[in-house]
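Descriptive structure summary
This is what each chain is made of:
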Amino acid sequence: MSQKVMAIAESINIMGKRSGTAMKERVAGPIQEMAKEEAAAGATYLDLNIGPARKDGVELMPWVVQTVESVVDTPLCLDTTNMAAMTAGFKVVKNRELAIMNSISAQPERMQNLIPVAAEAGCNVIALLWGPDGMPRDSNERAAMAVDLMMALSEAGIPNEKMLFD
């Protein structure tokens, strides 16, 4: 049985010196250079992490998506805790079916708000085992959270092969 290796490059991040400054100042060049470098290095996905982006996430995520997609065809993994920014990013991403939403946790508000966005986009989803009380205490809680997330995603029409569990 052969296994497919997936490499998600994660250096395009609001916390990174090169990419973070470029994101905050809306300077495309450094972000595009990093995207080309990661794609050339064999990344399966480019993770675009804007963090919580409380002030301008709804504008920032689409800008980063379009900035990267203008220079590479590598599928994207959109990464933010800002639900409105995630939604805005998925409105502009070119290849939604290959993209990844990073992530939907087992917190009711995130499930209610993001599962419909993921279902509409037809994207892959990283299901984060983080619940209302934080990280699960043991394997039983992890398994219960995984089942809850899997059921909610499945009920929304997201097939199992599009679910990745973290």
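Going by the structure above, here's the rest.
This section reports on the structure supplied with the text. (Residues numbered from 1 in each chain as written. Predicted model: local features only at pLDDT ≥ 70, side-chain atom pairs only at ≥ 80, totals over all residues. Heavy atoms only, no water.)

1. Side note on the sheet that holds strand 4 (residues 100–105)
Sheet strands pair via backbone hydrogen bonds, and the direction of the pair is either parallel or antiparallel. A sheet is described by the order of its strands in space; here six strands give the open sequence 1-2-3-4-5-6, paired in parallel fashion. Sheet topology places strand 1 (8–13) and strand 6 (163–165) at the edges, where each strand pairs with a single neighbour. In this sheet, neighbouring strand axes are inclined to one another by 30° on average, regardless of whether the strands run parallel or antiparallel. Bridge count between strand 4 and strand 5 (residues 124–128): five bridges; the pairing is parallel. Across the sheet, residue Ile100 finds its bridge partner in strand 5, namely Asn124. Along the sheet, helix 3 (residues 57–69) contacts strand 1, strand 2 (45–51) and strand 3 (76–80); its crossing angle with strand 2, the most-contacted strand, is approximately 155°. Contacts between helix 6 (residues 139–155) and the sheet are confined to strand 4, strand 5 and strand 6, with strand 6 contributing the most and set at about 165° to the helix. (Pairing = 2+ DSSP bridges. Helix = DSSP H or I, 4+ residues; strand = E, 2+ residues; numbered from the N terminus. Axes fitted to C-alpha atoms, helices over the stretch in contact; angles between N-to-C directions. Contact = heavy atoms within 4.5 Å.)

2. A word on the packing of helix 2 (residues 28–40) against helix 3
It is the contact of helix 2 with helix 3, at a shortest axis distance of 9 Å, that shows an interaxial angle of 55°. Classed by the angle they form, the pair helix 2 and helix 3 counts as oblique. Note on packing geometry: the crossing formed by helix 2 with helix 3 is right-handed. Facing helix 2, whose interface residues are Ala28, Ile31, Gln32 and Ala35, helix 3 presents Trp63, Thr67 and Val68. (Parallel < 35°, antiparallel > 145°, perpendicular 65-115°, else oblique. Left-handed = near helix turned anticlockwise from the far one by under 90°.)

3. Let's talk about unusual backbone geometry
Outside of glycine, negative phi angles account for most residues, and trans bonds account for most peptide bonds. The omega angle of the peptide bond from Asn102 to Ser103 is 15°, so this bond is cis rather than trans. With respect to the secondary-structure elements, Ser103 resides in strand 4. Notably, Arg26 is not glycine yet its phi reads approximately 55°, a positive angle. Position of Arg26 relative to the elements: it lies in the loop between helix 1 (17–25) and helix 2.

4. Brief notes about the nonpolar core
Ranked by internal contacts, the top residues of the largest apolar core, which has 46 residues, are Val68, Phe90, Met101 and Ile104. By residue number, the principal contributor to this core is helix 5 (residues 108–121), which donates six residues. Excluding residues within four positions of it along the chain, Ile104 makes contact with Arg110, Met111, Leu114, Ile115, Ala118, Val125, Ile126, Ala127, Leu128, Leu149 and Leu153. (Core = buried A, V, L, I, M, F, W, Y, C linked by side-chain atoms within 4.5 Å. Buried < 20%, exposed > 50% of the residue type's maximum accessible area, 1.4 Å probe, protein only.)

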